[in-house]
Amino acid sequence: EIGLLPSDPLTRWRRLPFNVTKRKRRAFRPDEVRAILDAARDLDMLYARRYPAEIVLRTLVTCGNRPGAVFSANIAHLEHDRINLPPGEGKKRNGAGTLPPELVKELRLFCKGRAGSAPLLASSNGSRCDVQNFYKRDFIQAAALAFVRANWPANEPAAKLADPVEVASIVLNNSGKW
């Protein structure tokens, strides 16, 4: 730019080949889902959440419906063995999300003291869950903690000086996903 060289020496260089193999996506294994749910439960206790994220994750995993459809349900939509989901928009049909009776009992305790028009699955502050925010904040944090714990070097002396929650937080902060 300042005219030190008469021409750009990098223009004569060949570009290096850039071949990236795209990683294949896969579903979580049952042991990974259990670890994520355990991590979510631990984070709920650590942050003293009034409305725990663990039961929200467990409901989503168990019923198998789209998160947006389940998040749009109110307490009044909860029946004895299912969530009667509100009608979908356009060509999307929501139907119902079947749940085991034990989870329905826990959901009723989770909803205790709230009106029937209140959201069935509340975020940590009590408002209706938003798919993007829940995924970015609660699920990613629980998944990071679960996978840090799964790969934790328990036999290393330096591992006693660190906490998996802090390590997961640092990993998320440095990855740009936080």
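What counts as what
- Residues numbered from 1 in each chain as written.
- Predicted model: local features only at pLDDT ≥ 70, side-chain atom pairs only at ≥ 80, totals over all residues.
- Heavy atoms only, no water.
- Salt bridge = Lys/Arg side-chain N within 4 Å of Asp/Glu carboxyl O.
- Helix = DSSP H or I, 4+ residues; strand = E, 2+ residues; numbered from the N terminus.
- Buried < 20%, exposed > 50% of the residue type's maximum accessible area, 1.4 Å probe, protein only.
- 1 Å grid on protein atoms, 1.4 Å probe; cavity = no way out; pocket = protein on both sides within 12 Å on 5 of 7 lines; lining within 4 Å.
- Points joined across faces, edges and corners; volume = space filled by probe spheres on them.
- Nonpolar A, V, L, I, M, F, W, Y, C, P; charged D, E, K, R; others polar.

K.L.:
Help me understand the pattern of salt bridges in this model?
P.N.:
Opposite charge on two side chains lets them pair, provided their charged atoms get close. On inspection of all chains with the given rule, the structure shows twelve salt bridges. We note a salt bridge from Asp138 to Arg49, for which the minimum N-O separation is 3.3 Å. On the criterion of sequence distance, the pair formed by Asp138 in helix α5 (residues 131-150) and Arg49 in the loop between α1 (30-47) and α2 (53-63) is long-range, its members being 89 residues apart. Here Asp138 and Arg49 have matching classes, each one buried. The network of salt bridges with common partners includes Asp38, Arg41, Glu54, Arg58 and Glu106.

K.L.:
Any chance you could explain empty space enclosed by the protein here in plain terms?
P.N.:
One simple way to see leftover space: roll a probe sized like a water molecule over the atoms. On inspection of all chains with the given rule, the structure shows one cavity of 30 Å³ or more. Empty space within the largest cavity amounts to approximately 50 Å³. Looking at the largest cavity, it is lined by ten residues, and the ones nearest its centre are Leu43, Gln141, Val165, Ala168 and Ser169. Only α1, α5 and α6 (164-175) provide two or more residues apiece to the lining of the largest cavity. Sorting elements by how many residues they give to the lining of the largest cavity places α6 first, with four residues. Looking at side-chain class alone, the lining of the largest cavity contains eight nonpolar, two polar and no charged residues.

Purely spatial values, then, with no claim about function.
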